[in-house]
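# Descriptive structure summary
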Amino acid sequence: MAKMKILSILLLGCFLQSCTNNKTLKANQVVKATSILKQIEKGEDVYYKNIVIEGDLDFTRLNTKYRVSDLLEQINISSSITLIDCKISGDIIGFSLNESSMLACGFEKNFSLINCTVEGELDIREASYRGSVQFQKSVFKKRFRMEGGHFQSTANFSNCLFLGETNFHNSFFNWKVNFMESEFAKNCAFQGSTFNGTAQFSSIRCSAYADFTLLNFKQGAFFSYASFDDRLNFGNSNFKDRADFIKTEFSKADFSKVKFYGESRFKEIGVYSNCTMKDVVFMGNYPEITFKEQEMKKLLQLENVKYLELKDIGF
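None of the values given here were measured: they were computed from a predicted structure.

## Some points on the overall build of the protein
What the protein contains, in helices and strands, is 2 helices and 43 strands. The buried share of the protein, taken over its 315 residues, is 45%. The contacts of the protein with a sequence gap of at least 6 include a subset with a gap of at least 24, amounting to 32%. As displayed, the protein has an accessible area near 15400 Å², and 48% of this comes from carbon and sulfur atoms.

So, in structure tokens, the structure goes:
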């Protein structure tokens, strides 16, 4: 009987500990951002659903810093972070820079903001992500900065609404990345980024300037049904595999000095201002180009376009 009683107490303790770690709370209950940071410092996994997070979720306050070099300190985050249907009233911060050094984050597990609303800015520059990043169906009301990120697993930003300026430039996506059906209300920048897995941008909408220059797509890049309401620039980008722009709509687009190594399809595209293809090279396959309306054909400016077979350049 004594053994049974001890076992019952142990099981009850485990159950209570599990409830504490999962933070099962009432809907719309307010949780201080500082309490979540304390969980992370202890190495506990974070899981909240349908709550309000009050204050700044500032990872730079964590005491898990270590020095990588004279110029770089990194914040080690060993907890998985999962926020679903939550509202973050402040900023999400994971980067700081001063005259002597830079402070950035290293996320060892999954980082998820699913169907969340972030009232403040998000600034997590130069971070590394070993686990998946799941930000789908979330709303970011102010500036969003994830430039210089190293995404070692899948990254999902589908169905997001970015209301402020959005920056992903000089990022490295090692696996699949998904921005399908996301909207960018202000300038968005992906300049200088590398996509080693498939890049899904189908049905995105860019209402302001979209910078897709100097990109390297190692696998398929999909921009079908996307709408670019303002200026779009793909200058000096490389598409090593399939590139789809089916029923994509352009206001003013520039594809100067782009190289297409694989199949490229511009089928039934809508061109509403000048679309420039200057010094473009198509290697291996002739492009498929048709228009939503026949008179749009005159708005496509082709200049010094080359069609080469891969064997002609040593492949």
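That was the structure; now back to the text.
## Section: the side chain of N238
Mapping N238 onto the fold places it in strand β34 (residues 238-239). One polar contact links N238 to N216, side chain to side chain, over a distance of 3.1 Å.

## A word on the packing of aromatic side chains
Taken as a whole, this structure holds 54 aromatic pairs when the rule is applied. Ring centres of F59 and F107 lie 5.6 Å apart, and the angle between their planes is 85 degrees; on these two criteria the pair is classed as edge-to-face. Linking F59 in the loop between β4 (57-58) and β5 (65-67) with F107 in strand β11 (residues 102-107), this pair joins segments that are 48 residues apart in sequence. Relative accessible area serves as the criterion here: at 0%, F59 is assigned to the buried category. Judged by relative accessible area, which is 2%, F107 ranks as buried. Ring centres 6.3 Å apart and planes at 85 degrees place the aromatic pair F212 and F228 in the edge-to-face group.

## Digging into the environment of N76
Structurally, N76 is set in strand β6 (residues 72-77). Taking C-alpha positions, N76 is 7.6 Å from Y66, a pair spaced 10 residues apart along the chain. Leave out the neighbours within four places in its chain, and N76 touches T64, Y66, G106 and E108. Of the polar contacts made by the side chain of N76, one reaches the side chain of E108; its length is 3.4 Å.

## With respect to the pattern of salt bridges
Summed over all chains, the structure comprises 14 salt bridges. Taking the shortest distance from any N to any O, the salt bridge between R145 and E147 comes out at 2.6 Å. For the pair shown, R145 and E147 are each scored as buried. Here the salt bridges share partners, and the residues they tie into one network are K87, E119 and K141.

## Looking at helix α2 (residues 33-41)
The complete set of buried residues in α2 reads A33, I36, L37, Q39 and I40. Buried residues in α2, looked at end-on, bunch into an arc of 155 degrees, giving them a common side. A positive backbone phi angle near 80 degrees is found at G43, which sits one or two residues after α2.

## What about the environment of K306?
Mapped onto the elements, K306 comes out in strand β43 (residues 306-308). The exposure class of K306 is partly exposed, given its relative accessible area of 42%. Apart from residues no more than four positions distant in its own chain, K306 is found in contact with V280, V281 and F282.

## Topic: the pairing of strand β2 (residues 46-49)
The two faces of β2 differ: V46 and Y48 on one face are buried, but Y47 and K49 on the other face are not. Of the pairings in the sheet, the one linking β2 to strand β7 (residues 81-84) comprises 4 bridges and is parallel in character. Bridged to K49 within β7 is I84.

## Some points on the side chain of S264
For S264, the location among the structural elements is in strand β38 (residues 264-271). For S264, a relative accessible area of 1% translates into the label buried. Excluding residues within four positions of it along the chain, S264 makes contact with A243, F282, P287 and E288.

Conventions used here
Residues numbered from 1 in each chain as written. Predicted model: local features only at pLDDT ≥ 70, side-chain atom pairs only at ≥ 80, totals over all residues. Heavy atoms only, no water. Helix = DSSP H or I, 4+ residues; strand = E, 2+ residues; numbered from the N terminus. Buried < 20%, exposed > 50% of the residue type's maximum accessible area, 1.4 Å probe, protein only. Contact = heavy atoms within 4.5 Å. Areas by Shrake-Rupley, 256 points an atom, 1.4 Å probe, with all protein chains shown as cover. Polar contact = N/O pair within 3.5 Å; in protein donor to acceptor, adjacent residues only side chain to side chain. Phe/Tyr/Trp six-rings, centres within 6.5 Å; stacked < 30°, edge-to-face > 60°. Salt bridge = Lys/Arg side-chain N within 4 Å of Asp/Glu carboxyl O. Arc of directions from axis to C-beta. Pairing = 2+ DSSP bridges.

Purely geometric numbers; function is a separate question.
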